[in-house]
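# Close look at the chain arrangement
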Amino acid sequence: MSQQNKRIRTNESAPGPSNSSSSTADTRALARSEQAKVGMSATDVKKLEVELARYLLFADKKNIPTKKQDIIKNVLKDNSRLLPSVLEGARKYLKQTFDYSVCEVDYNKNKYFLLRNNIGLPELQKLTRPNHSLSQLAFLTIILSMIHMAKQCS
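Here we summarise the structure given alongside this text. (Residues numbered from 1 in each chain as written. Predicted model: local features only at pLDDT ≥ 70, side-chain atom pairs only at ≥ 80, totals over all residues. Heavy atoms only, no water.)

### Observations concerning the pairing of strand S3 (residues 100-107)
Burial runs high along S3: six of the eight residues are buried. Bridging between S3 and strand S4 (residues 110-117) involves eight bridges; their strand directions are antiparallel. If you follow Tyr100 over to S4, its bridge partner there is Asn117. In sequence, S3 turns back onto S4 through a hairpin of two residues, with Asn108 there showing a positive phi of about 50 degrees. (Buried < 20%, exposed > 50% of the residue type's maximum accessible area, 1.4 Å probe, protein only. Helix = DSSP H or I, 4+ residues; strand = E, 2+ residues; numbered from the N terminus. Pairing = 2+ DSSP bridges.)

Here's what the structure looks like:
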């Protein structure tokens with residue numbers, strides 16, 4: 001595969017001459033999307049950002065790379081000009097909430113979006129529980145729900 005067909009870009013800027021041309025193109029696309037946002041309320045744009053973040057999370061869970069055309073078709077629908085600003089809002093939301101970063105991959109003239117988990121292994125091990133405590137937690141949940149339901153019936 002040649003380097004021209006494959007390019008990966010994340011939120012971090014990479015040094016090099018091609019970065020300046022892509023940043024000006026991104027700036028122009030963001031300006032166009034800001035103009036398109038004028039007709040929509042801030043809550044509608046926020047809903048689109050959250051919906052895009054949700055769509056990217058589900059696609060990542062299924063291990064499916066998300067194409068730009070899929071995002072426009074399934075999330076944005078008639079608001080395709082809002083893609084840069086909605087994508088930027090979804091990036092911020094995913095970074096703050098889940099510590100995920102959105103990676104753009106240009107491969108064979110298609111643009112794909114992938115999620116990258118930024119949580120390191122030590123932090124991830126602190127968040128997980130041993131299997132035996134999960135079974136105890138499940139048993140406790142069942143018992144407490146039965147007690148709660150018994151109180152509701154009486």
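This is not the end of the story, as more comes after the structure.
### Considering the packing of aromatic side chains
Each aromatic ring pair is specified by the distance between its two centres and by the angle formed by the two planes. Evaluation of the coordinates by the stated rule reveals one aromatic pair. A centroid spacing of 6.3 Å and a plane angle of 35 degrees characterise the contact between Phe98 and Tyr100, whose relative ring orientation is tilted. Residue classification places Phe98 among the partly exposed residues on the basis of a relative accessible area of 35%. (Phe/Tyr/Trp six-rings, centres within 6.5 Å; stacked < 30°, edge-to-face > 60°.)

### Topic: the nonpolar core
The biggest cluster of nonpolar side chains holds 17 residues, and the ones touching the most others in it are Leu52, Leu56, Ile71, Leu76, Leu94 and Val102. Elements that contribute at least two residues to this core include exactly helix H2 (42-61), helix H3 (68-76), helix H4 (83-98), S3 and S4. At five residues, H4 tops the list of elements feeding residues into this core. With sequence-adjacent residues up to four places away left out, Leu94 is seen in contact with Ala53, Leu56, Leu57, Asp99, Tyr100, Val102 and Leu115. (Core = buried A, V, L, I, M, F, W, Y, C linked by side-chain atoms within 4.5 Å. Contact = heavy atoms within 4.5 Å.)

### Things to note about the pairing of S4
As judged from the two bridges shared by strand S2 (residues 66-67) and S4, these two strands associate in the antiparallel manner. Considered in S4, the bridge of Lys67 is made with Tyr112.

### Quick word on unusual backbone geometry
Look at Asn63: it is not a glycine, yet its phi comes out positive at around 60 degrees. With respect to the helices and strands, the residue Asn63 is situated in the loop between H2 and S2. At Asn108, a residue that is not glycine, the phi angle is positive and equals roughly 50 degrees. With respect to the helices and strands, Asn108 occurs in the loop between S3 and S4.

### Some thoughts on the packing of H2 against H3
Relative orientation of the contacting elements H2 and H3 amounts to 125 degrees, with a least axis distance of 10 Å. As summarised for this structure, H2 and H3 are arranged oblique, according to the angle between their axes. Relative to H3, H2 is oriented so that their crossing is right-handed. Where H2 approaches H3, its residues Leu48, Glu51, Leu52, Tyr55 and Leu56 are matched on the opposing element by Asp70, Ile71, Asn74, Val75 and Leu76. Residues of the contact of H2 with H3, tallied by class, amount to seven nonpolar, one polar and two charged. (Axes fitted to C-alpha atoms, helices over the stretch in contact; angles between N-to-C directions. Parallel < 35°, antiparallel > 145°, perpendicular 65-115°, else oblique. Left-handed = near helix turned anticlockwise from the far one by under 90°. Nonpolar A, V, L, I, M, F, W, Y, C, P; charged D, E, K, R; others polar.)

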